[in-house]
Amino acid sequence: MPSITSQYLARFRRLDTGEGAPVLLPVTGAQRRFALVRAMDPAGRPDLVPMFFAFPRGTVDPERLAAAANRLAALHPVLRSLPTVVRGTPALRLEQPQIPVVRLACEPGEDAATVLRRALEGWSAPGAPLRLFLVPDDAEGTEEVLAVVLDHLACDGRSLARLSDELGAAYDRGTGAEGPSPAEAAAELTAYRDAVLLQLAAEERAGSPEAMAYWGERLRAVRERFPLPRSAPQQSGALPSGSATVRLPAPAGGVPFPDLLDACRAAATALYGSGHVVPVGYPWGGRPPGAAPVLGCFLNTVVFPTATGQEPDASATADAWWDDLDHAATPFDAVVHAARAAGSGWSGRLDGLLTVDDSRRHPPLCLGGVTGREVHIDGRAVRGPFAVSVTQGAELQLRMVWDRAILSDPIAEQAFAALADALRSPAPTAG
């Protein structure tokens, strides 16, 4: 039976791309997943990836920033493409949406975080996949916060670093700078299409019967979870999500990824109790070999079946993780299909998400010689019960957010404490 990727490619190739038809670009497995998540959301919300930077008030020139963003969109196809479905086939439709810098004002008693949460919650489906919002921190403050927000269909971690660098460089060129030439734009379009096709070819190979059998057996025990009963009623007017952050000493060389998975096991045990298999997803991968370093979404969400209540075993976790990485290119939708075919009742909903970043590879945004200070905006809606982000660098920063519609703050805070305790110095080492 043809793989999910093979079936997608066959349908895409039958679409009308003749003269006069809209230019359609194929989508990667990750983009298919985000399009499906959006379609299943009652409000049609996309997955958004925001970066927030605080600048001294008056530093950012909105006109100059908008000109810079639109020059980038004229060059990078994924920044001027809109998701569409043609005869049941997901694709990106090449257009030229404008990217303004939207200035937002705080009402009395509001701060920048409140205003930006409202702006992101009100993100309308039509429109550019890159949007910029600028808001003062408050009436008396000396800073303003710039939000650089992308639809996850248009980016991954590698794209964020490049976008930040290129946006700063384009800003420095001023409003009168020329955009890319038609030849440059055409070359970037070809490079993007070729990179996506290389990615799909890799995903097609990774959807082999052997890989499907592997993931079916690996995830057979995963079942749908039910929301936990609250230990206390949610406070009226509370934000949709809670969060907690802690900074810990960073071991030389950073924390091995299997140890981070074991820390998530400790958190999941605090949340769900012992004896469950909790699906924790993490993004993995990048541009396929031979692909140009184009902006886009080339990651895959790999699922780690976390058995709660087990004692951390770095060696066993590492062995299982390395086996998973041998099959990490299998698209998420194919993995879900394999699990269900093997008898799992799992629909593909993740109970936890783990993301890892290296602060040394993610420079902050610099505009006109002024470097923005990256900040967090708490309280935004999250998908799934909890998500953990780890930033490695001179120190280890752990951050966990949780959905208050599923988890009460006391339960989530206990889980975060278990997560942090599992990684406190002296940090465990694998092998």
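Residues numbered from 1 in each chain as written. Predicted model: local features only at pLDDT ≥ 70, side-chain atom pairs only at ≥ 80, totals over all residues. Heavy atoms only, no water.

- For the protein, the name recorded in an unreviewed UniProt entry is Non-ribosomal peptide synthetase, with Streptomyces sioyaensis as its organism.

### A look at the packing of helix α1 (residues 4-13) against helix α6 (residues 182-206)
Now for step 1: Between α1 and α6, the shortest axis-to-axis distance is 8 Å and the interhelical angle comes to 140°. One way to sum up the angle between α1 and α6 is to call them oblique. The chirality of how α1 crosses α6 is left-handed. Seen from α1, the contacting residues are T5, S6, Y8 and L9; seen from α6, they are L197, L200, E203 and E204.
Now for step 2: Looking at the contact of α1 with α6 residue by residue, the classes come out as four nonpolar, two polar and two charged. (Axes fitted to C-alpha atoms, helices over the stretch in contact; angles between N-to-C directions. Helix = DSSP H or I, 4+ residues; strand = E, 2+ residues; numbered from the N terminus. Parallel < 35°, antiparallel > 145°, perpendicular 65-115°, else oblique. Left-handed = near helix turned anticlockwise from the far one by under 90°. Contact = heavy atoms within 4.5 Å. Nonpolar A, V, L, I, M, F, W, Y, C, P; charged D, E, K, R; others polar.)

### Considering the nonpolar core
Now for step 1: Counting residues in hydrophobic clusters, the biggest one holds 51 residues, and the most contacted among them are L65, L79, L130 and V148.
Now for step 2: Of the residues that make up this core, three or more belong to each of domain 1 (4-202) and domain 2 (209-224 + 237-424).
Now for step 3: Discounting residues that sit within four places of it in the chain, V148 has contacts with V49, P50, M51, F53, L130, R131, L132, L163, L167 and L365.
Now for step 4: Among the nonpolar cores identified, the runner-up in size contains 50 residues, and A244, Y272, V303 and F304 belong to it. (Core = buried A, V, L, I, M, F, W, Y, C linked by side-chain atoms within 4.5 Å. Buried < 20%, exposed > 50% of the residue type's maximum accessible area, 1.4 Å probe, protein only. Domains from an automatic or database assignment.)

### What about the pattern of salt bridges?
Now for step 1: Inspection of every chain in the model, using the stated rule, returns 16 salt bridges.
Now for step 2: R247 is the partner of E395 in a salt bridge, and the nearest nitrogen-oxygen pair spans 2.7 Å. Here R247 lies in strand β8 (residues 241-249) and E395 lies in strand β16 (residues 395-403), a separation of 148 residues in the sequence.
Now for step 3: Relative accessible area serves as the criterion here: at 35%, E395 is assigned to the partly exposed category. (Salt bridge = Lys/Arg side-chain N within 4 Å of Asp/Glu carboxyl O.)

### Some words on the side chain of Q31
Now for step 1: Checked against the element boundaries, Q31 lands in helix α2 (residues 29-40).
Now for step 2: Separated by 3.4 Å, the side chains of Q31 and Y192 make a polar contact. (Polar contact = N/O pair within 3.5 Å; in protein donor to acceptor, adjacent residues only side chain to side chain.)

### Overview of the packing of aromatic side chains
Now for step 1: Scanning all chains against the criterion turns up 10 aromatic pairs.
Now for step 2: Both rings, one in F257 and one in W321, keep their centres 5.3 Å apart while their planes meet at 25°; by these two values the pair is stacked. A residue pair is termed long-range when its members are at least 10 positions apart, and F257 in helix α8 (residues 257-272) and W321 in helix α9 (residues 314-325) qualify at 64 residues.
Now for step 3: When its relative accessible area of 7% is taken as the criterion, W321 is described as buried.
Now for step 4: Clustering of aromatic rings is evident, with ring pairs tying together F257, Y282, W284, W321 and W322.
Now for step 5: Across from the ring centre of Y8, 5.4 Å away, lies the NZ or CZ of R32, which sits over that ring.
Now for step 6: For R218, the ring lying beneath its charged end belongs to F304, and the centroid distance is 5.1 Å. (Phe/Tyr/Trp six-rings, centres within 6.5 Å; stacked < 30°, edge-to-face > 60°. Lys NZ or Arg CZ within 6 Å of the ring centre and 35° of its normal.)

### With respect to the sheet that holds strand β1 (residues 24-25)
Now for step 1: As summarised here, the arrangement of the three strands in space is β1-β4-β3, forming an open sheet in which the pairing is antiparallel. Across the chains shown, the open sheet's two edge strands, defined by having one partner strand only, are β1 and β3 (81-86).
Now for step 2: Two strands pair when backbone bridges link them, and β1 and strand β4 (residues 89-94) are joined in this way by two bridges, in the antiparallel orientation. Looking at β4, one finds that L25 is bridged to L92.
Now for step 3: On the sheet, α1 packs against β1 and β4 and is oriented at approximately 50° with respect to β4. (Pairing = 2+ DSSP bridges.)

### Topic: helix α3 (residues 62-75)
Now for step 1: Here α3 is 14 residues long and its end C-alpha atoms lie 20 Å apart, about the 20 Å a rise of 1.5 Å per residue gives.
Now for step 2: All of the buried residues in α3 are P62, L65, A66, A67, A68, A69, N70, R71, L72 and A73.
Now for step 3: By the N-cap criterion, in which a side-chain oxygen at the helix start approaches the backbone nitrogen of a residue two or three places on, α3 is capped by D61, the distance to E63 being 3.1 Å. (Expected span 1.5 Å × (residues − 1).)

### With respect to the domain arrangement of the protein
Now for step 1: With domains assigned, the protein is organised as domain 1 (4-202) and domain 2 (209-224 + 237-424).
Now for step 2: Each partner contributes to the interface: domain 1 provides 57 residues, whereas domain 2 provides 43 residues.
Now for step 3: Counting the surface lost from both domain 1 and domain 2, the interface buries some 4100 Å², and carbon and sulfur atoms represent 64% of this.
Now for step 4: By the criterion of area lost to domain 2, the three top residues of domain 1 are R33, F52 and R117, representing 15% of everything that side buries.
Now for step 5: In this assembly, domain 1 and domain 2 are joined by four salt bridges. (Buried area = accessible area lost by both parts, 1.4 Å probe.)

### A short note on the packing of α8 against α9
To characterise two packed helices, one gives the angle between the axes of the helices and the distance between these axes.
Now for step 1: At a closest axis distance of 9 Å, the pairing of α8 and α9 adopts a crossing angle of 110°. Classed by the angle they form, the pair α8 and α9 counts as roughly perpendicular. On the side of α8, the interface is formed by F257, P258, D259, L261, D262 and R265, while α9 contributes A314, T317, A318 and W321.
Now for step 2: Across the contact of α8 with α9, the residue classes break down as six nonpolar, one polar and three charged.

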